[in-house]
Amino acid sequence: MRILGIDPGLRRTGFGVIDATAGRLAYVSSGTIVVPADRPLADRLKIILDNIREIVASTQPDVSALEKVFLNTNPASTLLLGQARGAALCALADSMLSVHEYTALQIKKSVVGNGHAAKEQVQKMVQYLLSLNGLPAADSADALACAICHAHFSPIASRLQGAGQLGSAAGRRIRGGRILG
């Protein structure tokens, strides 16, 4: 399964593509979409949309994973981040990819083992898990970590769905492979 991970941002949107086959992870590509801050908001969102469409066309992922927006103390920043995330969601939906969403806590816990890990820890674990020669840039590492998180969660969700348990777990969360009430 080829997974496209996206770490949305209005100034910098990270992307990372991995292949997950039989429990093995392989790096495909990654990078950062850098959006000029001096452009009008609509133009900035279109840059994100167009670039993600292009990445999907060139890498041909099977699924996508996107980091969920967190609520921070600055409502204006949260709103702008939400708009960038919306542009990414539209590009993924337009490309007919299923989108799986994970919180930063889920991603860090899945990759590092600690939901409150520092960015540097995430970068080093991504480098280790994907056998990269160098440390990936922060935005790329976050996007690759999002893809790795989906690679870890996907088999659990598939097994639960196959067992008919996911339907009865509507509105519940999965933690550590267990359905929480």
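Everything discussed here concerns the structure shown above.
Here's what I pulled together on the structure shown here.

Parameters at a glance
Residues numbered from 1 in each chain as written. Predicted model: local features only at pLDDT ≥ 70, side-chain atom pairs only at ≥ 80, totals over all residues. Heavy atoms only, no water. Helix = DSSP H or I, 4+ residues; strand = E, 2+ residues; numbered from the N terminus. Buried < 20%, exposed > 50% of the residue type's maximum accessible area, 1.4 Å probe, protein only. Contact = heavy atoms within 4.5 Å. Polar contact = N/O pair within 3.5 Å; in protein donor to acceptor, adjacent residues only side chain to side chain. Expected span 1.5 Å × (residues − 1). Salt bridge = Lys/Arg side-chain N within 4 Å of Asp/Glu carboxyl O. Core = buried A, V, L, I, M, F, W, Y, C linked by side-chain atoms within 4.5 Å. Pairing = 2+ DSSP bridges. Axes fitted to C-alpha atoms, helices over the stretch in contact; angles between N-to-C directions.

**Considerations on the environment of Ile52**
Its place among the elements puts Ile52 in helix α1 (residues 41-59). Residue classification places Ile52 among the buried positions, given a relative accessible area of 0%. Those residues within four positions of Ile52 in sequence are excluded, and the remaining contacts are Ile6, Thr13, Ile33, Ala88, Ala91 and Leu92.

**Notes on the side chain of Gln123**
One can find Gln123 in helix α4 (residues 119-129). A distance of 2.8 Å separates a polar side-chain atom of Gln123 from the backbone oxygen of Pro136.

**Quick look at α1**
In this model α1 runs 27 Å from its N-terminal to its C-terminal C-alpha over 19 residues, within 8% of the 27 Å that 1.5 Å per residue would give. Among the residues making up α1, those that are buried are Arg44, Leu45, Ile47, Ile48, Leu49, Ile52, Ile55, Val56 and Thr59. Those residues of α1 hidden inside the fold are in contact with β1 (2-7), β2 (12-21), β3 (24-34) and α2 (75-94). Directly beyond the C-terminal end of α1, a positive phi value near 55° is found at Gln60.

**Section: the pattern of salt bridges**
Applying the stated rule across the entire model yields eight salt bridges. Residue Asp19 pairs with Arg2 through a salt bridge whose shortest N-O separation is 2.7 Å. With a gap of 17 residues between them, Asp19 in strand β2 and Arg2 in strand β1 connect regions that are remote in the sequence.

**With respect to the nonpolar core**
Counting residues in hydrophobic clusters, the biggest one holds 21 residues, and the most contacted among them are Leu4, Ile6, Ile33, Ile48, Ile52 and Leu92. If you tally residues by element for this core, the top one is α1, at seven residues. Sequence-distant contacts of Ile48, that is, excluding residues within four places in its chain, are made with Gly9, Leu10, Thr13, Ile33, Val35, Ala84, Ala87 and Ala88. If you look at the next biggest cluster of nonpolar residues, it comprises 20 residues, including Ile3, Ile18, Val63 and Leu130.

**A word on the sheet that holds strand β4 (residues 63-67)**
For sheets, the rule is that strands pair by backbone hydrogen bonds, running either parallel or antiparallel. Read from one edge to the other, the open sheet built from five strands follows the order β3-β2-β1-β4-β5, with strand pairing classed as mixed. Looking at which strands have only one partner, the edges of the open sheet turn out to be β3 and β5 (98-102). Within the sheet, the average angular offset between the axes of one strand and its neighbour, ignoring direction, is 20°. Note: β2 against β3, 10 bridges, orientation antiparallel. Bridging across to β3, Thr21 finds its partner in Arg24. Packing against the sheet, α2 makes contact with β1, β4 and β5, and its axis sits at approximately 175° to β4. Relative to β5, helix α3 (residues 104-111) is tilted by about 85°, and along the sheet it contacts β4 and β5.

**Here we look at the pairing of β1**
Judged by how many residues are buried, β1 sits mostly within the fold: five of six residues are covered. As paired elements, β1 and β2 share six bridges and run antiparallel to each other. Counterpart to Ile6 in the pairing with β2 is Phe15. Once β1 ends, the chain turns through four residues before running back antiparallel as β2. Bridge count between β1 and β4: four bridges; the pairing is parallel. Among the inter-strand pairings, Gly5 is bridged to a residue of β4, identified as Ala65.

**So, the environment of Glu101**
Relative to the elements of secondary structure, Glu101 occurs in strand β5. Taking the C-alpha atoms as reference points, Glu101 and Val69, separated by 32 residues in sequence, lie 9.5 Å from one another. Those residues in contact with Glu101, other than ones at most four positions away along the chain, are Leu66, Lys68, Arg85 and Gln106.

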